[in-house]
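# Commentary on secondary and tertiary structure
Here are the chains, one letter per residue:
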Amino acid sequence: MKIRRPRLPRTRRGQRRLVRAVMAVCVLALLPATWLYVSTADRLRTTADVPRTDVAVVFGAGLWDGEPSPYLAHRLDAAAKLYRAGRIKVVLVTGDNSRKDYDEPDAMRTYLAKHGVPDDRIVSDYAGFDTWDSCVRAKKIFGVDRAVLISQGFHIRRAVALCEAAGVDSYGIGVAAKHDATWYYGGTREVFAAGKAALDAVFHPDPTFLGPKEPGVARALAAGR
């Protein structure tokens, strides 16, 4: 069975229509990424100038042999630095624990505890399966109204936009990262993830798992007073 190759228009008029159609598709594909860039332009900070906030949210970024990946470790280092500087009081670690042999939140908690954050100032969200889920659960389950979000630069704009859409007043810190294959993959992935983020922000779907409210953040804040 022969597969026919698509035929390109032979007339100038047909070629112009094809070019316009391709350009329209490219513009539509880039609209969500443009929205993320514009909507978060005034919400990005550094560990030195981020407003003092009760809660920091650290998003999971994978484990290597049960330990935080280098990318995740950089995020946790930034959270620990903020805590030691007195700029935050509680760290909410949110990640994937969908199976017994993979537990991002506990690995994150252990890492933070080793780097100067008391265990009773760390709260774990075991159902942060993606960015939208983490943002919605921070608001609805843990009662977070305002937070500093910590991730890599290629992801932080999407995190801020989605948490804002979920009702969390957010500032974002994009930690530095080596421009290796993972960085380029992450940046490319964000172009496509922006489309889903726009849909999440508009339609507000329920997260994969919601469950009952948890007092962990409020309890940790009370312990810190």
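Below you will find a few notes about this structure. (Residues numbered from 1 in each chain as written. Predicted model: local features only at pLDDT ≥ 70, side-chain atom pairs only at ≥ 80, totals over all residues. Heavy atoms only, no water.)

Moving on: the overall build of the protein chain. A count of helical and extended segments in the protein chain gives seven helices and eight strands. Among the 225 residues that make up the protein chain, the fraction classed as buried is 44%. Long-range contacts, defined here as pairs at least 24 residues apart, represent 73% of the contacts in the protein chain between residues at least 6 apart. On the protein chain, roughly 13000 Å² of surface is accessible, and the fraction owed to carbon and sulfur atoms is 58%. (Helix = DSSP H or I, 4+ residues; strand = E, 2+ residues; numbered from the N terminus. Buried < 20%, exposed > 50% of the residue type's maximum accessible area, 1.4 Å probe, protein only. Contact = heavy atoms within 4.5 Å. Areas by Shrake-Rupley, 256 points an atom, 1.4 Å probe, with all protein chains shown as cover.)

On to helix α5 (residues 153–165), then. Compared with an ideal rise of 1.5 Å per residue, which puts 13 residues at 18 Å, α5 spans 19 Å between its outermost C-alpha atoms and is within 8% of the ideal. Where α5 is concerned, the buried positions are His-155, Ile-156, Arg-158, Ala-159, Val-160, Ala-161, Leu-162 and Cys-163. In the segment just after α5, Gly-167 is the residue with positive phi, at about 100°. (Expected span 1.5 Å × (residues − 1).)

Across the five residues of strand β5 (residues 90–94), five count as buried, placing the element largely inside the fold. Bridge count for β5 against strand β6 (residues 122–125) is four bridges, and the pairing is parallel. For Leu-92, the partnering residue across the bridge sits in β6 and is Val-123. This β-α-β element, β5 to helix α3 (residues 104–114) to β6, shows right-handed connectivity. (Pairing = 2+ DSSP bridges. Right-handed = clockwise from strand over helix to strand, strands pointing away.)

Moving on, we get to the state of the cysteines. Two cysteines form a disulfide when their sulfur atoms are joined by a covalent bond. According to the stated counting rule, one finds one disulfide in the structure shown. Residue pairing for Cys-135: its cysteine sulfur links by disulfide to Cys-163, the two sulfurs lying 2.3 Å apart. Torsion about the S-S bond of the Cys-135 and Cys-163 cystine: about -85°, corresponding to left-handed handedness. Here Cys-163 lies in helix α5 and Cys-135 lies in helix α4 (residues 131–140), a separation of 28 residues in the sequence. Just as Cys-135 is buried, Cys-163 falls in that class too. (Disulfide = S-S within 2.5 Å.)

By themselves, these observations are geometric and do not establish any function.
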